[in-house]
Amino acid sequence: MPSFKKSRPGRFLLHRLGNEKWQWISIPLLSVVLAVLTGSGVILLMGKSPVDTYIGILQGAGMLPKANYAGGTNMLTDFMSFLDAMAPMLLAALGVTVAFKAGLFNIGISGQMLFGGFLATILVGYSDLGGLVAKPLVLLIAGASGALVGGFIGLMKYRYNINEVVSSIMVNYILAYFISFFIKTHYINPVSRQSEYINAAASLTFKGVALGGVKVNVPLGILLALMAALVVHYLINKTRLGYEIKAVGANRKGAGYAGIPIGRTMVTAMMISGGLGGLAGATYYLGYFASIQPGVLSDLGFNAIATSLLGNNSPLGVILSSILITILDKGATFMSSKVGVVKEISGVITSLILLFSAMGAYFRYLIAKKQEDVKSENREEMGE
Amino acid sequence: MIEIILYDGLAFALPLLIIAIGGIFSERSGIINLALEGLLGFGAFTGAFMVVMADHFLPGSQPYGIYIGMAFAMVGGGLFAMIHGLLTVYYRANQVISGVVINILSMSLTAFLTRQLNAIIFNAASNRFQLGVADRFTLPLLSEIPVLGAVFTKVYPFQVVILLVALLAYLVFEKTPFGIHLKASGDNPHAVEAAGVDVKRVRFAAVMISGALAGLGGISFAYSISANFNPMIYMGYGYLAIAALIFGNWQIGNTLLAVLFFGFARSAGYELAKALEMSSTFNDIIMTLPYMLTLLILIFFSKQNAAPRALGEIYDKGKR
């Protein structure tokens, strides 16, 4: 494409994207821009306004003020609710990230969330324990049970060479159906068709707190999630285990020759990943919500893959991307009622981001190739 | 009871077979295809949408609905598979990631389009396309045979189509130059290139075929399981098909045995529950059967199988 190389904006874009120091942010931004543009095309095809749609989404997520609010709420209510929703997303995406670092694809986060959330619900959520005991216990149980599931998948991969994507999906459905069975036979609320609500002491979100004259939900989960991001960052970049995980992820055989125990590292990485999934489940089912819908795997576990890829699989990058993906997810319902585009558009834009992020390697390859072309062209020009 | 197990088992096994054959086409050409789940879903969506459209705008098309559905499911699945083909064959994306991306894209896109198209075209707030009931037919004489007659009892029209397409796919795979090139591309792409065949084009075509076959399986599930298209089509059956083809060692014949095993185990589970007079709450437990079996089968068969040698590698002409 000679026109691209010669044109001014082309060179400008190439210069911007070609700077490798900034590619960690410029390539994800390119993915987001492409996804937003493609999404706009879809919205236009449906005869609606993309601008109104995106503004509606931002308003619904508490990022922009709405025209009017229900009594006792304002933008802070929406924003705190956004933070409440972001906590499980960030934790789940961190889980995906840790597995990715070990070269594994944990698509079983939904199942790990459900298992952790379910066990914490029945063991602690329905007990009479006080908040100071109950809340840490919820995290402990959910994290441990998630780690168990993750470790099992890692073991199947290492021991029996079973593709972890296939086994995670099988485990997801097995867990979903079994838990559905137990909820329907033991814990169902006949009116809501969901599990009975948990006691407030076990909830990780303080519901309906009066703050500045309005009622808001205060999520503890977001603090936990941000702390987890720092811990994972430290673990991956500063510890021996992190180094081993990255080595196994980059080149399994090579790591083996270097004396790194491949099996143990893979299982450990999957346990950490699953544990983060379990914690995500705690903040989701015992924080953002207070009950479980039987037989349903949360979309969040899948959107977390988009979040992780968009965040370049870096724990700190994932903080930024989980803000964006949560906005899309959280703002959709309000936007739908206001603009009339069905709320499923959020999922479409999220998966488009995922699609373009998956092409990130290709973008890098293209940019590097184009730069080579430009360089050789410059050399020719100077030679004349 | 044996009869019910046989014909219900077949109604589940055959769609799974055609999806698995799709997977074999892609994987034997060297492209990992975890996208089967998304491809069967998007195919089923396209087919179901065309059935509903035909029903709405072409009154009298009703009896042919299932054939319209099958034809367009193959078209839709094949076209959607082009994304996987572009990403993996031409854009050097990781094949596992690309597959999962396609699945998530398919789920969200069909959920969005079903709701939005229902609202725009039919003025209905619904997340499903209602399909007509596919009439099951029973062959008069053959079905009288004891036990085996069940094979010819309560047959869905799609089962016949699937058998024909599967036979055709088998012939293409085993007897044509394209089939030979395809298999060679998965084992030794450089030799294929040296023989003057475009490896990338062969792989791209294989991925598209896998999409078309998965689409056919998807619309069949939509007809047999729920008689409509809705988000419940994503039940992990694409992944079951992958397990079946691993179990079948990437051979069409062995994979047939694997899906029959899945199908009969599933229908036998339901019949067992009925015979023991268990309440319907136990359906949840029975539903886990295919997934549990898959895990067990994978545990026993994953170690010794022989995957295509170049499976999952990005093909680069310069690299040797």
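Because the structure is a prediction, the values reported are computed rather than measured.

Asker: Please give an account of the overall build of chain A that cites residues and values.
Answerer: Helices and strands together make up the secondary structure of chain A, namely 16 helices and 4 strands. Taken over the C-alpha trace, chain A has a radius of gyration of 23 Å; the compact-globule value for 384 residues is 21 Å, and the two agree within 12%. Each principal axis of the C-alpha atoms in chain A carries an extent, and together these give about 85 × 60 × 35 Å. Relative to its full complement of 384 residues, chain A shows a buried share of 55%. Considering only residue pairs separated by 6 or more positions, chain A has 73% of its internal contacts joining residues 24 or more positions apart. Within the structure as shown, chain A displays about 16700 Å² of accessible surface, and the carbon and sulfur contribution to it stands at 64%. For chain A, the distance from the average position of its 30 positive side-chain charges to the average position of its 17 negative side-chain charges is 4 Å.

Asker: Account for the confidence of the model for chain B, naming residues and giving values.
Answerer: The predicted coordinates should not be examined in detail at positions where pLDDT is low. Scored by pLDDT, chain B has a mean of 89; 98% of the residues are at 70 or more. The complex model carries a pTM of 0.91, and its ipTM stands at 0.88.

Asker: Can you explain unusual backbone geometry? Please cite residues and give values.
Answerer: The phi dihedral of Asn313(A) is positive, around 55°, even though this residue is not glycine. Turning to its location among the elements, Asn313(A) is positioned in the loop between α13 (300–310) and α14 (315–339). In this model, Arg92(B) sits at a positive phi of 55°, which is unusual for a non-glycine residue. Inspection of the secondary structure assignment puts Arg92(B) in the loop between α3 (65–90) and α4 (95–122).

Asker: Requested: an account of the interface of chain A and chain B, with residues and values cited.
Answerer: With 44 residues of chain A at the interface, the matching set in chain B holds 42 residues. Across the chain A/chain B interface, buried area totals approximately 4100 Å², and carbon plus sulfur atoms make up 82% of it. Counting every contact that joins chain A to chain B gives 2 salt bridges. Among the ionic pairs, Arg115(B) bridges to Glu344(A), the shortest N-O distance being 2.9 Å. Taken together, the connections running from chain A to chain B amount to 8 residue pairs in polar contact (both at pLDDT 80 or more). Secondary-structure elements contributing two or more residues to the side of chain A that touches chain B are α7 (131–160), α8 (164–187), α13, α15 (345–358) and α16 (360–383) of chain A. At 14 residues, α8(A) tops the list of elements feeding residues into the side of chain A that touches chain B.

Asker: So what about the pairing of strand β4 (residues 214–219) of chain A? Which residues, and what values?
Answerer: All names here are of chain A. As paired strands, strand β3 (residues 205–211) and β4 are joined by 5 bridges and run antiparallel to one another. Following the sheet pairing, Phe206 is matched in β4 by Val218. Here β3 folds back onto β4 in antiparallel fashion, the turn holding 2 residues, of which Gly212 has a positive phi close to 55°.

Asker: An account of the pattern of salt bridges is needed here, citing residue identities and associated values.
Answerer: One pass over the full model with this rule turns up 9 salt bridges over all chains. Taking the shortest distance from any N to any O, the salt bridge between Glu244(A) and Arg240(A) comes out at 3.1 Å. Placement of both Glu244(A) and Arg240(A) in helix α10 (residues 240–250) is noted, with a separation of 4 residues, approximately one turn of the helix. A salt bridge links Lys274(B) to Glu271(B), with the nearest nitrogen and oxygen atoms 3.0 Å apart. In this pair, Lys274(B) and Glu271(B) both sit in helix α10 (residues 252–275), 3 residues apart, roughly one turn of the helix. Look at Lys274(B) and you get exposed, because its relative accessible area is 56%. Residue classification places Glu271(B) among the buried residues on the basis of a relative accessible area of 7%.

Asker: Please give an account of the nonpolar core that cites residues and values.
Answerer: Ile345(A), Leu16(B), Ile18(B), Ile21(B), Phe112(B), Tyr237(B) and Tyr291(B) are the most contacted members of the largest nonpolar core, which totals 211 residues. Sorting elements by how many residues they give to this core places helix α5 (residues 75–101) of chain A first, with 15 residues. Apart from the residues lying within four places of it in its own chain, the contact partners of Tyr237(B) are Phe12(B), Leu16(B), Glu37(B), Leu40(B), Phe221(B), Ile225(B), Arg266(B), Met287(B) and Tyr291(B).

Asker: So what about the packing of aromatic side chains? Which residues, and what values?
Answerer: Residues and elements named next belong to chain B. For the coordinates displayed, the defined rule picks out 27 aromatic pairs over all chains. Residues Phe45 and Phe129 carry aromatic rings whose centres are separated by 5.9 Å and whose planes lie at 40° to one another, so their mutual orientation is tilted. Of this pair, Phe45 sits in helix α2 (residues 36–57) while Phe129 sits in strand β1 (residues 129–130), and the two are 84 residues apart along the sequence. An identical accessibility class is assigned to Phe45 and Phe129; each is buried. Every member of this aromatic cluster is reached through a ring pair, and the members are Phe42, Phe45, Phe49, Phe80, Phe129 and Phe229.

Asker: Go over α13(A) with me, naming the residues and quoting the values.
Answerer: The element α13(A) is extensively covered by neighbouring structure, given that 11 of its 11 residues are classed as buried. Positioned one or two residues after α13(A), Asn312(A) has a phi angle of 60°, which is positive.

Asker: Kindly report on α7(A), identifying the contributing residues and their values.
Answerer: Along its 30 residues, α7(A) runs 43 Å from first to last C-alpha, staying within 8% of the 44 Å computed at 1.5 Å per residue. Among the residues trailing α7(A), Asn161(A) stands out with phi positive, at a value near 60°.

Asker: Kindly report on the packing of α10(A) against helix α12 (residues 262–288) of chain A, identifying the contributing residues and their values.
Answerer: Residues and elements named next belong to chain A. One way to put it is that α10 packs onto α12 with a least axis distance of 10 Å and a crossing angle of 105°. By the angle class used here, α10 and α12 are roughly perpendicular. Here Leu241, Glu244, Ile245 and Val248 of α10 come into contact with α12, specifically with Ile262, Thr265, Met266, Thr268, Ala269 and Ile272. Partitioned by chemical class, the residues of the contact of α10 with α12 number 7 nonpolar, 2 polar and 1 charged.

Asker: Describe the environment of Gln59(A), and please don't skip the residues or the numbers.
Answerer: All names here are of chain A. Within the secondary structure, Gln59 sits in helix α4 (residues 50–60). Relative accessible area serves as the criterion here: at 9%, Gln59 is assigned to the buried category. For the pair Gln59 and Ala332, spaced 273 residues apart in the sequence, the C-alpha separation amounts to 9.4 Å. Ignoring any residue separated from it by four or fewer positions in sequence, one finds Gln59 in contact with Leu64, Pro65, Lys66, Asp78, Phe334 and Lys338.

Asker: Give a description of the side chain of Lys183(B) that names residues and reports values.
Answerer: Residue and element names in this part refer to chain B. Its place among the elements puts Lys183 in helix α6 (residues 177–187). Separated by 3.2 Å, the side chain of Lys183 and the backbone oxygen of Phe173 make a polar contact. Look past the residues within four positions of Lys183 in its chain and what remains in contact with it is Arg28, Phe173 and Glu174.

Reading guide: rules and limits
Residues numbered from 1 in each chain as written. Chains lettered and ligands numbered in written order. Predicted model: local features only at pLDDT ≥ 70, side-chain atom pairs only at ≥ 80, totals over all residues. Heavy atoms only, no water. Helix = DSSP H or I, 4+ residues; strand = E, 2+ residues; numbered from the N terminus. Rg over C-alpha atoms; globule rule 2.2 N^0.38 Å. Buried < 20%, exposed > 50% of the residue type's maximum accessible area, 1.4 Å probe, protein only. Contact = heavy atoms within 4.5 Å. Areas by Shrake-Rupley, 256 points an atom, 1.4 Å probe, with all protein chains shown as cover. Lys, Arg positive; Asp, Glu negative; His and termini not counted. Charge placed at Lys NZ, Arg CZ, Asp CG, Glu CD. pLDDT = per-residue confidence, 0-100. Buried area = accessible area lost by both parts, 1.4 Å probe. Salt bridge = Lys/Arg side-chain N within 4 Å of Asp/Glu carboxyl O. Polar contact = N/O pair within 3.5 Å; in protein donor to acceptor, adjacent residues only side chain to side chain. Pairing = 2+ DSSP bridges. Core = buried A, V, L, I, M, F, W, Y, C linked by side-chain atoms within 4.5 Å. Phe/Tyr/Trp six-rings, centres within 6.5 Å; stacked < 30°, edge-to-face > 60°. Expected span 1.5 Å × (residues − 1). Axes fitted to C-alpha atoms, helices over the stretch in contact; angles between N-to-C directions. Parallel < 35°, antiparallel > 145°, perpendicular 65-115°, else oblique. Nonpolar A, V, L, I, M, F, W, Y, C, P; charged D, E, K, R; others polar.

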